[in-house]
Amino acid sequence: MQNNDLTRFREEGTLYLSAPAAAELIRRKGLAHCFCAMADHIHEDFMRWPEFDKTARVASHSQNGVIELMPVADTQRYSFKYVNGHPSNTPIGLSTVMAFGVLADVNTGAPLFLSELTLTTALRTAAMSALAAKTLARPDSRVMALIGNGAQSEFQALAFQHLVGITGLRLYDVDPQATAKLVNNLQGCGLAITVCNSTAEAVCGAHIVTTVTADKTLANILTPDMIEPGMHINAVGGDCPGKTELHGGILDEAKVFVEYEPQSRIEGEIQHKPEGFPVTELWQVLLGQKAGRDDANQVTVFDSVGFALEDFSALRFMFAAASELGLGERTALIPQLNDPKNLFAQLATPLRAAERLETLSQAMG
């Protein structure tokens, strides 16, 4: 398959998947299938964790947000994602998160696939959360509190329904319109939904708590008095320096799991903990090298910041699905050269080329 991908690149150029094409792909495959497939791809790649060349993402911080590049590679494929996080974008009609990415051939450097990743990132983040919960939460978990009901919330709710078996959802957001939007979008999905008046009310009785807030602040969305024995906390919103959601006391009493420790120490909930604060990378649990939850009463935390390998997995899935369905379009992202050493020839107009041929013909005559 990989040789076929390179052949098509040589003959037709890079496959480009736009945001509308990605949405069509997800509609045709089905949302539940996409969640399951992405979770499976992430699981497969995490099981190959030592094979990847990994690095923490490169971030450029500004007053209003952050712009990041997220690279990762194995011996066959390289990927990167461009992504921003600007919580103040919503009032001016822009998304808080916008992203695109590339999947390339390692042996040649050829960019095989260029894709939108805003919608895809929402799916892969939810799939990653659900995979972590399946690994760490109590198997009988059926009720989830969802704190923060913005753009990511529907994906989290549905991924947990399809992959974890959640049947009840308890909602809270400081913006009631965000919660109303979420309730409207989830109509008919089969989840029993309860709208709550506070975070404390929402988490009461929940087996899993997912926080997906956007403010770039050192916040205490959850405090120790809200936490019940056996809870699994899925902390998604804190994903850059100076941005957290959990009171430090929760971490002190819980067993904490991360994606890539060097990145999480900078960006995650553990950023304000000392260097020796104990954490476990999730891949070690998946491979059976370390234990997950120790007992039914233990509180577990997945300190999720988003790691490049998850985007690698998502791009693999989207590339294969787009190729299968005939979606996307081929584009000359890279010049196609008859003579790879003659890049300058790309600047010649057809007329000048014809003139040169006529001059050469006259000289030969």
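So, here's what we can say about the structure. (Residues numbered from 1 in each chain as written. Predicted model: local features only at pLDDT ≥ 70, side-chain atom pairs only at ≥ 80, totals over all residues. Heavy atoms only, no water.)

This part covers the pattern of salt bridges. Going through the model one piece at a time under the given rule, you end up with 20 salt bridges. When the shortest N-O distance is used, the salt bridge between Arg 77 and Asp 5 registers 3.5 Å. Of this pair, Arg 77 sits in strand β5 (residues 77-85) while Asp 5 is found in helix α1 (residues 2-12), placing the two residues 72 residues apart along the sequence. By relative accessible area, Arg 77 is classed as buried at 6%. Its salt-bridge partner being Arg 48, residue Asp 45 comes within 3.0 Å of it at the nearest N-O pair. A relative accessible area of 23% means that Arg 48 is categorised as partly exposed. (Salt bridge = Lys/Arg side-chain N within 4 Å of Asp/Glu carboxyl O. Helix = DSSP H or I, 4+ residues; strand = E, 2+ residues; numbered from the N terminus. Buried < 20%, exposed > 50% of the residue type's maximum accessible area, 1.4 Å probe, protein only.)

Once that is clear, we can look at the packing of aromatic side chains. In total, this model carries eight aromatic pairs according to the counting rule given. Geometrically, the ring pair formed by Tyr 82 and Phe 100 is stacked, given 5.1 Å between the ring centres and 20° between the ring planes. On the criterion of sequence distance, the pair formed by Tyr 82 in strand β5 and Phe 100 in strand β6 (residues 99-105) is long-range, its members being 18 residues apart. We classify Tyr 82 as partly exposed; its relative accessible area is 28%. Residue Phe 100 is classed as partly exposed on the basis of its relative accessible area of 37%. Each ring, one from Phe 113 and one from Phe 319, has its centre 4.9 Å from the other, and the planes form 25°; the classification is stacked. Of this pair, Phe 113 sits in strand β7 (residues 111-116) while Phe 319 sits in helix α11 (residues 308-325), placing them 206 residues apart in sequence. Its relative accessible area of 0% is what places Phe 113 among the buried residues. A connected cluster of aromatic rings, assembled from ring pairs, spans Phe 46, Trp 49, Tyr 260, Trp 283 and Phe 307. (Phe/Tyr/Trp six-rings, centres within 6.5 Å; stacked < 30°, edge-to-face > 60°.)

Moving on, we come to the environment of Val 212. For Val 212, the position within the fold is in the loop between β11 (208-211) and β12 (218-222). The contacts of Val 212, once residues within four sequence positions are left out, are Leu 146, Ile 147, Gly 148, Gln 152, Gln 156, Val 236, Gly 237 and Glu 245. (Contact = heavy atoms within 4.5 Å.)

So, about the packing of helix α3 (residues 31-46) against helix α5 (residues 153-163). When two helices pack together, you describe them by how their axes are tilted relative to each other and by the distance separating the axes. Where α3 meets α5, the closest approach of the two axes is 10 Å, and the angle between their N-to-C directions is 80°. Our classification of the angle between α3 and α5 gives roughly perpendicular. Facing Leu 31, Ala 32, Phe 35, Cys 36 and Ala 39 of α3, the residues of α5 in contact are Phe 155, Leu 158, Ala 159, His 162 and Leu 163. Here the contact of α3 with α5 is built from residues that sort into nine nonpolar, one polar and no charged. (Axes fitted to C-alpha atoms, helices over the stretch in contact; angles between N-to-C directions. Parallel < 35°, antiparallel > 145°, perpendicular 65-115°, else oblique. Nonpolar A, V, L, I, M, F, W, Y, C, P; charged D, E, K, R; others polar.)

Within a regular strand, the side chains alternate between the two sheet faces. Burial of strand β4 (residues 66-73) is extensive: six of the eight residues sit out of reach of the surface. With two bridges connecting them, strand β2 (residues 53-54) and β4 associate as antiparallel partners. From the neighbouring strand, Asp 53 faces β4, where its bridge partner is Ala 73. For strand β3 (residues 58-61) and β4, the ladder comprises four bridges, and the chain directions are antiparallel. Its bridge partner being in β4, Ser 60 is matched across the sheet by Ile 67. Inspection of the sheet shows β4 paired to β5 by eight bridges, in the antiparallel sense. Each residue of the ladder has a partner; that of Val 66, found in β5, is Gly 85. (Pairing = 2+ DSSP bridges.)

For α3, spanning 16 residues, the distance from its first C-alpha to its last is 22 Å, which sits close to the expected 22 Å at 1.5 Å a residue. Among the residues making up α3, those that are buried are Cys 34, Phe 35, Ala 37, Met 38, Ala 39, His 41, Ile 42, Asp 45 and Phe 46. On its buried side, α3 packs onto α2 (19-29), α4 (118-136), α5, α10 (282-286) and α11. (Expected span 1.5 Å × (residues − 1).)

What follows covers the environment of Asn 297. Turning to its location among the elements, Asn 297 is positioned in the loop between α10 and β17 (300-303). Using a relative accessible area of 57% as the deciding quantity, one classes Asn 297 as exposed. Counting along the chain gives 50 residues from Asn 297 to Leu 347, while the straight-line C-alpha distance between them is 68 Å. Those residues in contact with Asn 297 that sit more than four places away from it in its chain are Pro 229 and Gly 230.

A few words on the nonpolar core. In terms of nonpolar packing, the biggest core is built from 74 residues, with Leu 17 and Leu 25 touching the most fellow members. Those residues in contact with Leu 17, other than ones at most four positions away along the chain, are Ala 22, Leu 25, Phe 113, Leu 114, Ser 115, Glu 116, Met 318, Ala 322, Leu 327 and Gly 328. By size, the runner-up hydrophobic cluster in this structure holds 25 residues, among which are Val 203, Ala 206, Ile 233 and Val 301. (Core = buried A, V, L, I, M, F, W, Y, C linked by side-chain atoms within 4.5 Å.)

This next bit is on the environment of His 272. Turning to its location among the elements, His 272 is positioned in the loop between α9 (261-267) and β16 (280-281). The sequence separation of His 272 and Gly 248 amounts to 24 residues, and the corresponding C-alpha distance is 7.9 Å. For His 272, the side chain forms a polar contact with the main-chain oxygen of Glu 269, separated by 3.1 Å. (Polar contact = N/O pair within 3.5 Å; in protein donor to acceptor, adjacent residues only side chain to side chain.)

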